[in-house]
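Single-letter residue listing:
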Amino acid sequence: MILITGGAGYVGSHTNKLLNNEGYETVVVDNLCKGYESFVKWGNFENYDLASKSLREVFEKYDIDAVIHFAAFSSVEESIKMPQMYLKNNFSNTLNLLQIMREFGVDKFILSSTAAVYGNPEKIPITEDQNLKPINPYGHSKFITEKALEREAKKGDFNYVSLRYFNAAGCDFDCEIGELHDPETHLIPLILDAAIGKRESISIYGNDYDTPDGTCIRDFIHVNDLADAHIRAYEYLCEGNESNVFNLGNGQGYSVLEVIEKCKKVTNTDFEVKIADRREGDPAVLIADSSKIKNTLGWNPKYDLDQIIESAWKWHEKMNVI
């Protein structure tokens, strides 16, 4: 059985659904601090906090052979305001989880990591062998978590895969689950909120970056493509392969302004766009080189940015009952 921490959240719920659809048994562990009760529709569910020593009860109850670890805070802006909260939740709680895994002989671990570990990258597109120099507390919390996994693997009888996401976006095409953050911080749902009338405008944080139109460039990857990568990573570890790290991106960058224009086209709406000050901790360009995971795991993203936005808009329409 696969234990999924944070499995009621955005990427975790999509991965849990896909795993169950493919015949895997799962148990979701989530404290539901962000809500998302309605996203727990597949597998087993246990309400636990990862900081609690009572988490051992889950390992006693189920025959767990691997952990897919999503549970984390993920807002760059929030991490700058509350760095200690990110250190505790993203790093310290992972250490508690690893300790319990050791006690129960669970030797396979898949980490939901982030491109934020690269900071301002040395070259574009970004390869996994670049130096890790995170420039915000969120990225740093994932960086030190990856280092903890390295140390754990060196002890033996333990292997992990770290999946460094670029910009997760889009929603389940069946509209059973979707992207729902409170407060919302992700670009595409914020734009769609403006398109649907929930907000008066959308703000671009800085238009003076060293990019063609002055706005930040990001690599967007559909959440179902991310979910597929987690299953492939699990199967990779089950085959006895060694620990590894992979980027997860489409390999194509779009500026914030380009994403806004695509959203306007998909939704057939217009709305006000404002220019605001830059946010601390935002690199100008983040684009993945995902050739390593393609060559090693046979993973290939299926969905482009138009399909990502279309699926997200379908979810927005359902949630807001246009």
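What comes next concerns the included structure. (Residues numbered from 1 in each chain as written. Predicted model: local features only at pLDDT ≥ 70, side-chain atom pairs only at ≥ 80, totals over all residues. Heavy atoms only, no water.)

1. Regarding the packing of aromatic side chains
How two aromatic rings sit relative to each other is set out by the distance from centre to centre and by the angle between their planes. Spelled out, the test is: The rule is short: rings of Phe, Tyr and Trp, with Trp giving its six-membered ring, pair when the centres are within 6.5 Å, and they are stacked under 30 degrees, edge-to-face over 60, tilted in between. Each helix is a run of DSSP H or I of at least 4 residues and each strand a run of E of at least 2, with the numbering of both proceeding from the N terminus. Think of it in three bands: with a 1.4 Å probe and only protein chains considered, a residue is buried below 20% of the maximum accessible area for its type, exposed above 50%, and partly exposed in between. Note on geometry: a ring has a charge over it if NZ (lysine) or CZ (arginine) is within 6 Å of the ring centre and within 35 degrees of the ring normal.
Tallied over the entire structure, the rule returns eight aromatic pairs. With centroids separated by 6.0 Å and ring planes inclined at 65°, the aromatic side chains of Phe39 and Trp315 adopt a geometry described as edge-to-face. One end of the pair, Phe39, is in the loop between strand 2 (26-29) and strand 3 (44-46); the other, Trp315, is in helix 10 (residues 305-320), with 276 residues separating them in the sequence. Judged by its relative accessible area of 3%, Trp315 is buried. Residues Tyr86 and Tyr138 carry aromatic rings whose centres are separated by 6.3 Å and whose planes lie at 80° to one another, so their mutual orientation is edge-to-face. Remark: Tyr138 occurs in helix 5 (residues 137-154) and Tyr86 occurs in helix 4 (residues 83-103); sequence separation between them is 52 residues. Its relative accessible area of 0% is what places Tyr86 among the buried residues. Members of the aromatic cluster, each reached through a chain of ring pairs, are Phe73, Tyr86 and Tyr138. A cation over a ring is seen here: Lys264 above Phe271, with NZ or CZ 5.1 Å from the ring centre.

2. Considerations on the side chain of Thr127
Selection rule: Throughout, a residue-residue contact means that at least one pair of heavy atoms, one from each residue, lies within 4.5 Å.
One can find Thr127 in the loop between strand 5 (108-114) and helix 5. For Thr127, a relative accessible area of 14% translates into the label buried. Setting aside its immediate chain neighbours within four residues, Thr127 contacts Tyr118, Asn247 and Asp289.

3. What about the sheet that holds strand 3?
What counts is decided by this rule: Two strands are counted as paired when DSSP detects at least two bridges linking them. Between the N-to-C directions of two axes lies an angle of 0 to 180 degrees, each axis being a line fitted to C-alpha atoms and, for a helix, fitted only over the stretch in contact.
The strand order 3-2-1-4-5-6-10 describes an open sheet built from seven strands, whose pairing is parallel. Of all the strands in the sheet, just strand 3 and strand 10 (244-248) have a single pairing partner and so form its edges. Taking the axes of each pair of neighbouring strands and ignoring which way they run, one obtains an average angle of 20° across the sheet. Of the pairings in the sheet, the one linking strand 1 (residues 2-5) to strand 4 (residues 66-69) comprises four bridges and is parallel in character. Of the residues in strand 4, the one forming a bridge with Ile2 is Ala66. Against the sheet, helix 7 (residues 223-238) contacts strand 1, strand 4, strand 5, strand 6 (159-165) and strand 10, and its axis sits at roughly 160° relative to strand 6.

4. Concerning the state of the cysteines
Defined simply, a disulfide is a covalent bond joining two cysteines at their sulfur atoms. Which entries qualify depends on this criterion: Cysteine sulfur atoms that pair up within 2.5 Å are treated as a disulfide.
Overall, the coordinates contain zero disulfides when judged by the stated rule. No disulfide involves Cys175; its nearest neighbouring cysteine sulfur is the one of Cys171, lying 7.1 Å away. The class for Cys175 is buried, based on a relative accessible area of 6%.

5. Quick word on the packing of helix 6 (residues 187-196) against helix 10
We apply this condition: Working definition: roughly parallel below 35 degrees, roughly antiparallel above 145 degrees, roughly perpendicular at 65 to 115 degrees, and oblique for all remaining angles. By definition, any crossing whose near helix is turned counterclockwise from its far helix by less than a right angle is left-handed, and any crossing with a clockwise turn is right-handed. As a working rule, the residues Ala, Val, Leu, Ile, Met, Phe, Trp, Tyr, Cys and Pro are called nonpolar, Asp, Glu, Lys and Arg charged, and the rest polar, with Gly in that last group.
Closest axis-to-axis distance for the helix 6/helix 10 pair is 10 Å, and the angle between their directions is 55°. With respect to their mutual orientation, helix 6 and helix 10 come out oblique. Along this stretch, helix 6 crosses helix 10, giving a crossing that reads as right-handed. Counted together, Ile188, Pro189, Leu192, Asp193, Ala195 and Ile196 of helix 6 and Leu305, Ile308, Ile309, Ala312, Trp313, His316, Glu317 and Asn320 of helix 10 form the full contact between these two elements. Residue composition of the contact of helix 6 with helix 10, by class: 10 nonpolar, two polar and two charged.

6. Structural notes on the pattern of salt bridges
The line we're drawing: We define a salt bridge as a contact between a side-chain nitrogen of Lys or Arg and a carboxyl oxygen of Asp or Glu at a distance within 4 Å.
The tally for this structure, following the rule as stated, stands at 17 salt bridges. Taking the shortest distance from any N to any O, the salt bridge between Glu261 and Lys264 comes out at 4.0 Å. With Glu261 and Lys264 both in helix 8 (residues 256-267) and three residues apart, this pair spans about one turn of that helix. A relative accessible area of 16% places Lys264 in the buried class. Here Asp306 and Lys262 are joined by a salt bridge, their closest N and O atoms 3.3 Å apart. Taken together, the positions of Asp306 in helix 10 and Lys262 in helix 8 put the pair 44 residues apart, joining distant regions of the chain. Salt bridges here are not isolated pairs; linked through shared partners, they connect Lys17, Asp172, Asp174 and Glu176.

7. Notes on the packing of helix 6 against helix 8
Contact pair helix 6 / helix 8: the axes reach a minimum separation of 10 Å and the direction vectors enclose 45°. Comparing their axes, helix 8 and helix 6 come out oblique. The crossing of helix 6 and helix 8 is right-handed. Of the residues in helix 8, those touching helix 6 at Leu187, Ile188, Ile191, Leu192 and Ala195 are Val256, Val259, Ile260, Cys263 and Thr267.

Honestly, it's all geometry; don't read function into it.
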